[in-house]
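Summary of the model geometry
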Amino acid sequence: MAKEYPRSYRVADQIQQELSVLIRDELNDPRVSPLLTISSVDVSRDLSIAKVYFTLMDSTGRGDTLEALNSGSGFLRRCLGRRMSLRVIPQLRFFYDSS
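**Focus on helix α2 (residues 62-71)**
Looking only at α2, the buried set comprises Thr65, Ala68 and Leu69. Down the axis of α2, the sector holding all buried residues measures 95°, keeping them to one side. Taken together, the buried residues of α2 touch α1 (7-25), β1 (36-43), β2 (49-56), α3 (73-83) and β3 (91-96).

Right, here's the structure in full:
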């Protein structure tokens, strides 16, 4: 019998919460817009890849913000490893959510 709320969903929720705090407080890149919101996180079943979808209130700096997040993904992954108790921290892939 399948669980109602699988582990990948719980991990995705925790990554979403932690990333929103980390991007706001720890990531010191001027290309990241201060009006950034993490809209959702999709984690693969084997917890190896996390697709992070973000939105911006002002979409003019979308390309710069995407570049900054992808270049800082290693730093964010390392910070997530310190905050979360997982054996393997998923690779972070950022995507702009246009909805």
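On we go from here.
**Re the sheet that holds β2**
Strand order in the open sheet formed by 3 strands is β1-β2-β3, and the pairing between neighbours is mixed. Of all the strands in the sheet, the pair left with one neighbour each is β1 and β3. Here the average twist between neighbouring strands, direction ignored, is 30°. Inspection of the sheet shows β2 paired to β3 by 6 bridges, in the parallel sense. Across the sheet, residue lysine 51 finds its bridge partner in β3, namely arginine 93.

**Things to note about the nonpolar core**
Within the largest apolar cluster, 27 residues are counted, with the highest numbers of intra-cluster contacts made by Ile15 and Phe94. Only α1, β1, β2, α2, α3 and β3 provide two or more residues apiece to this core. Considering each element in turn, this core owes the most residues, 6 residues, to α1. Discounting chain neighbours no more than four positions away, the residues touching phenylalanine 94 are Leu19, Ile23, Val52, Phe54, Leu66, Leu69, Asn70, Ser73 and Leu76.

**Points about the pattern of salt bridges**
Counted under the stated rule, the structure contains 4 salt bridges. For arginine 24, the salt bridge goes to aspartate 25, with nearest N and O atoms at 3.1 Å. Classification of aspartate 25 by relative accessible area gives partly exposed; the value is 42%. Connected through shared salt-bridge partners, Asp29, Arg31 and Glu67 make up one network.

Conventions adopted
- Residues numbered from 1 in each chain as written.
- Predicted model: local features only at pLDDT ≥ 70, side-chain atom pairs only at ≥ 80, totals over all residues.
- Heavy atoms only, no water.
- Buried < 20%, exposed > 50% of the residue type's maximum accessible area, 1.4 Å probe, protein only.
- Helix = DSSP H or I, 4+ residues; strand = E, 2+ residues; numbered from the N terminus.
- Arc of directions from axis to C-beta.
- Contact = heavy atoms within 4.5 Å.
- Pairing = 2+ DSSP bridges.
- Axes fitted to C-alpha atoms, helices over the stretch in contact; angles between N-to-C directions.
- Core = buried A, V, L, I, M, F, W, Y, C linked by side-chain atoms within 4.5 Å.
- Salt bridge = Lys/Arg side-chain N within 4 Å of Asp/Glu carboxyl O.

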